[in-house]
Amino acid sequence: MIDFIERPIDRQAATFLCRGVTENAELLRTVVSLLSQAVGQGHVCLDLEEIAEELVRISGQDEPLRLSDAASLITALRSLPTLGGPGEHCPLILDAAGRLYLYRYYRYESLLADAIRARAASETDEIDEAALAAQLDRYFGSDESGKDNQRQAALTALRRRFSVISGGPGTGKTTTVARILGLLLEQPGGERLRIAMAAPTGKAAARLASSIASLRKTLPCAEEVKRAVPSQVTTIHRLLGTLPGSTGFRHNERNPLPCDVVIVDEASMVDLPLMTALVTALPPHARLIFIGDRDQLASVEAGAVLGDICRAAESPGSSIAGCVTVLDRNYRFGDGSGIAALSRAVNAGDDSEALRLLDDSSSSIVLEATPTRETIKKRLAAPVLEGFRPCLEAETPAAALRLFDRFRILTALREGPWGAAGMNHAAETLLHEAGLIRRDTPFYRGRPVLVTENDYTHKLFNGDTGIILPDPETGNLRAFFAAPDGTIRAIPQEFLPRHETAFAMTVHKSQGSEFDRVLMVLPPEDTVLLTRELIYTGITRAKQKVAIWSDEAVFSAAVKRRTERRSGLREKLAVTSPGLN
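Here the residue numbers are simple positions, counted from 1 along each chain's written sequence. Local features in this predicted model are restricted to residues whose pLDDT is 70 or higher, and side-chain atom pairs enter the listing and the counts only when it is 80 or higher, whereas totals over whole chains, interfaces and linings include all residues. Calculated side-chain values reflect all of the structure's heavy atoms, with hydrogen atoms and water omitted.

An unreviewed UniProt entry lists the protein under the name RecBCD enzyme subunit RecD, from Chlorobaculum parvum. Under Sequence similarities (unreviewed entry), UniProt gives the following word-for-word description of the protein: "Belongs to the RecD family." UniProt positions are given in the numbering used here, feature names are shortened, and annotations may be inferred rather than shown by experiment. Of the comments in the UniProt record for the protein, the one headed Subunit (unreviewed entry) reads "Heterotrimer of RecB, RecC and RecD. All subunits contribute to DNA-binding."

Positionally, Ala412 belongs in the loop between strand 15 (407-411) and helix 18 (420-433). For every residue, the accessible area obtained with a 1.4 Å probe (protein chains only) is divided by the maximum for its type, and the residue is called buried under 20%, exposed over 50%, and partly exposed between those limits. Here Ala412 falls in the buried class, since its relative accessible area comes to 13%. As a C-alpha pair, Ala412 and Ile535 span 123 residues in sequence and 8.6 Å in three-dimensional space. Helix and strand assignments come from DSSP, with helices taken as H or I runs of at least 4 residues and strands as E runs of at least 2, each series counted from the N terminus.

This next bit is on the environment of Pro230. Here Pro230 is to be found in the loop between helix 10 (223-228) and strand 10 (233-235). Pro230 sits 61 residues away from Ile291 along the chain, and the two C-alpha atoms are 17 Å apart. Contact definition: two residues touch when any of their heavy atoms are within 4.5 Å. Not counting the four nearest positions on each side in its chain, Pro230 is found in contact with Leu181, Ile195, Met197, Ile212 and Arg216.

With that settled, the discussion passes to the state of the cysteines. In plain terms, two cysteine sulfur atoms within 2.5 Å form what is called a disulfide here. Tallied over the entire structure, the rule returns zero disulfides. Free cysteine: Cys323, not disulfide-bonded; nearest cysteine sulfur from Cys310 at 11 Å. For Cys323, a relative accessible area of 0% gives the class buried.

Only buried residues count toward a nonpolar core, which is a set of Ala, Val, Leu, Ile, Met, Phe, Trp, Tyr and Cys residues joined through side-chain atoms within 4.5 Å. In terms of nonpolar packing, the biggest core is built from 81 residues, with Val31, Leu100, Phe290 and Ile309 touching the most fellow members. A domain-level breakdown of this core finds at least three residues from each of domain 1 (2-101) and domain 2 (122-331). Once residues within four sequence positions are removed from consideration, Val31 is found in contact with Leu46, Leu48, Ile51, Leu67, Leu73, Leu77 and Leu100. Residues Tyr139, Leu155, Ile195 and Ala204 belong to the second largest nonpolar core, which totals 36 residues. For the domain bounds, the source is a domain assignment made automatically or taken from a database.

Should a side-chain nitrogen of Lys or Arg be within 4 Å of a carboxyl oxygen of Asp or Glu, the pair is scored as a salt bridge. Enumeration over the complete set of coordinates arrives at 31 salt bridges. Note that Glu191 and Arg192 form a salt bridge whose closest N and O atoms lie 3.2 Å from each other. Taking relative accessible area as the criterion, Glu191 reaches 60% and is therefore assigned exposed. A salt bridge links Arg414 to Glu500, with the shortest nitrogen-to-oxygen separation between them at 3.5 Å. On the criterion of sequence distance, the pair formed by Arg414 in the loop between strand 15 and helix 18 and Glu500 in strand 20 (residues 499-501) is long-range, its members being 86 residues apart. According to the relative accessible area criterion, Arg414 is partly exposed, its value standing at 44%.

UniProt's entry tags residues 502-548 with the feature "domain: UvrD-like helicase C-terminal" (unreviewed entry), counted in the numbering of this structure. Taken as a whole, residues 502-548 contains 26% helix and 36% strand, while its terminal C-alpha atoms sit 18 Å from one another.

Let us now look at the UniProt feature "binding site: ATP" (unreviewed entry) in the protein. According to UniProt, the positions carrying the feature "binding site: ATP" (unreviewed entry) are Gly167, Gly168, Pro169, Gly170, Thr171, Gly172, Lys173 and Thr174. The exposure class assigned to Gly168 is buried, which follows from its relative accessible area of 13%. Contact partners of Gly168, with chain neighbours within four places excluded, come to Lys173, Asp293, Leu327 and Tyr536. Assessed through its relative accessible area of 14%, Gly172 is described here as buried. With near-sequence residues (within four places) excluded, Gly172 lies in contact with Gln150, Leu327 and Tyr331.

The sheet built from five strands is open, its strands ordered 19-18-17-16-20 with antiparallel pairing. Of all the strands in the sheet, just strand 19 (488-492) and strand 20 have a single pairing partner and so form its edges. Along the sheet, successive strands turn relative to each other by an average axial angle of 35°, direction set aside. Here strand 17 (residues 465-470) runs beside strand 18 (residues 477-482); their pairing, made up of five bridges, is antiparallel. Across the sheet, residue Leu469 finds its bridge partner in strand 18, namely Arg478. Working convention: axes come from line fits to C-alpha atoms, limited for helices to the stretch in contact. Angles between N-to-C directions cover 0 to 180 degrees. The strands touched by helix 17 (residues 397-404) within the sheet are strand 16 (448-451), strand 17, strand 18 and strand 19, with strand 17 carrying the most contacts at an inclination of about 140°. DSSP bridges decide pairing: two strands pair if at least two such bridges lie between them.

Moving on, we get to the side chain of Thr280. Within the fold, Thr280 resides in helix 12 (residues 272-280). Here Thr276 takes part through its backbone oxygen, which lies 2.6 Å from a polar atom of the side chain of Thr280. Ignoring anything within four residues of it in the chain, the contact list for Thr280 reads Leu111, Asn252 and Glu253. N or O atoms within 3.5 Å of each other form a polar contact, as long as, within protein, one can give a hydrogen and the other can take it, and as long as residues adjacent in sequence are counted only when both atoms are side-chain atoms.

Let us look at the packing of aromatic side chains. When the centres of two rings from Phe, Tyr and Trp lie within 6.5 Å, Trp using its six-membered ring, the rings pair. Their planes under 30 degrees apart give stacked, over 60 give edge-to-face, and anything left gives tilted. Under the counting rule described, the total for this entry stands at six aromatic pairs. Between Phe162 and Phe290 the ring centres are 5.5 Å apart and the planes differ by 90°, which places this aromatic pair in the edge-to-face class. Of this pair, Phe162 sits in strand 8 (residues 162-167) while Phe290 is found in strand 12 (residues 287-292), placing the two residues 128 residues apart along the sequence. For Phe162, a relative accessible area of 0% translates into the label buried.

What follows concerns the sheet that holds strand 4 (residues 65-66). The mixed open sheet is built from three strands, whose spatial order is 1-3-4. Each having just a single partner strand, strand 1 (2-4) and strand 4 make up the two edges of the open sheet. Judged from the two bridges that link them, strand 3 (residues 55-58) and strand 4 form a sheet pairing that is antiparallel. Each residue of the ladder has a partner; that of Leu55, found in strand 4, is Arg66.

Shown next as structure tokens:
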């Protein structure tokens, strides 16, 4: 049974794309509406085999509809004048595997797959192979066992035009990137390399920039090489160059980026349309290096690009075999780390082991029952006052922003008492009663804000976080943000794009961030939104301690449930010739 809450946009899309159809009209409108909703939920396509013969109960309709078998669905769909196959320019595309797409998403997927496949097949010729082994020994030490994955990741990045470095927090991804930069600059002509580094959000860009600036000082290379290692990191939108009033970018296939190397951090957060725009804007000779955690939540918008790439690389005969290196040794957490052990158990889907670890009362991982509506405020008082007091009492915007990252409340849901909205309201009430904030206006001193839309004019992007504080020079309230270059920007109230309070945020919105301590709040009842990837992502935002508010049954069900994003990217990357899907 599919319980289908049809949105107005789903209904409108189905009506428009099925206009003029009389035979099987209800069936076809339902299938197209399901496709529209699937894209809205992050899928790239609708797998007809999965919905075949299902009973669909549509909100607002008395009688459910029984869908026909997959072959009959395909036959009915082919009667639509708006349907075409691969290579055709039609609003709907049906591929040979029975996947139904909206045209632009099929095009995104095909362009991305073709571009990655072509880049993966091209090896570089700028490497000094005679000196490479000694250079790798200098950066990584000798590797007689052949099991140094950081060294292997660097070697792949140097020799190939496409590579991926995947690993959880603390596995040395950023350290490896810094060493790759040093190695690239030491190659013949390295001093002329145009290197760009980017991340999906300003917060992630600022964190990478800070890490690279620190790590380059420790590289085992000449001082002129250290100075040449770039530490400037921008957002992907800024790198591509946004165009006012357009969804396109200044740099594209016809006007490529002036880059020889592009490194993308937090690649798991990048959705299919943006990743396609980036990859197709690269000149053919450029190296592309993705950094990320394949086990994290997929992007908020459509696609699970990094996960699909990593899975495709594991397929026998894959066109991108050898391009992906997984870092599995953790340098941040010791062998006895509760956070590391818990994240491994969750990632493996082992709910029994995860609960056992939480029951051992490690000081770094705690599981407590979800509070009731009536007890939320009381339960929140201690963590909220302890977690946010230092930030709200800071003397400068820079100090406040730094201290704000010590603690965060993460939620699975957006709305409701256990969602980000409810937690933010409760936190504001507690802080107001404690005299730490005065919530007399929406733009109050000490209010943390999370930007929820891209503002290209003021260079603020979805996911950027800031704090409203008095300007040290004028005393006027401004929203202060940390820029990727480490500076602090002050934005007047009237120029602040759409935003929300950020004492609490969803786990999705927390991607690309790290905090000393995390309180993760799950609702008292299970929902399909609670998945293994969400729990893993929330846990791994914490560097020192994570407290989880959840009933055991809800937590267990979430750990067992995997996120599945429907797409054909994995299959397209697994083949060696374009146009087969």
